Amino acid sequence: METPKLKPVPADDVAKDPLAEDDDREPTKEEIMEDLRIALRDVKAGVEGMPAREAIKALKHRVYGDGHEG
């Protein structure tokens, strides 16, 4: 059995990742559950993340930039 010959697609016609284009979309239940699974595995493995106060400060800096005093 012979496989069909495929035509190359120009790089401009290649579909972009739809998740990368839509930054405002809500995460799906499956994505949230996968994030929680990863977090629980990290906790069980002893991986330490960023301290809460430092993480909040970084998020505020990311959202508000240098102009926010808090």
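Computed from a predicted model, the values in this text were never measured in an experiment.

**Focus: the overall build of the protein**
Regarding its fold elements, the protein presents three helices and zero strands. Going from the N terminus to the C terminus, the protein shows its helices and strands as α-α-α. Across the 70 residues of the protein, 0% fall into the buried class. Carbon and sulfur atoms provide 57% of the accessible area of the protein, an area that totals close to 7400 Å².

**Re a nonpolar patch on the surface**
A cluster of nonpolar residues, I32, M33 and L36, forms a patch on the protein surface that exposes about 250 Å² of accessible area. You can see I32 is positioned in helix 2 (residues 29-45). Overall, the relative accessible area of 39% leaves I32 in the partly exposed class.

**Some points on helix 2**
Helix length check: helix 2 (17 residues) gives 24 Å between terminal C-alpha atoms against 24 Å at 1.5 Å per residue, within 8%. Backbone geometry just after helix 2 places G46 at a positive phi near 85°.

Calculation rules
Residues numbered from 1 in each chain as written. Predicted model: local features only at pLDDT ≥ 70, side-chain atom pairs only at ≥ 80, totals over all residues. Heavy atoms only, no water. Helix = DSSP H or I, 4+ residues; strand = E, 2+ residues; numbered from the N terminus. Buried < 20%, exposed > 50% of the residue type's maximum accessible area, 1.4 Å probe, protein only. Areas by Shrake-Rupley, 256 points an atom, 1.4 Å probe, with all protein chains shown as cover. Patch = residues over 30% accessible without salt bridge, like charges linked within 9 Å, V, L, I, M, F, W, Y side chains within 5 Å. Salt bridge = Lys/Arg side-chain N within 4 Å of Asp/Glu carboxyl O. Expected span 1.5 Å × (residues − 1).

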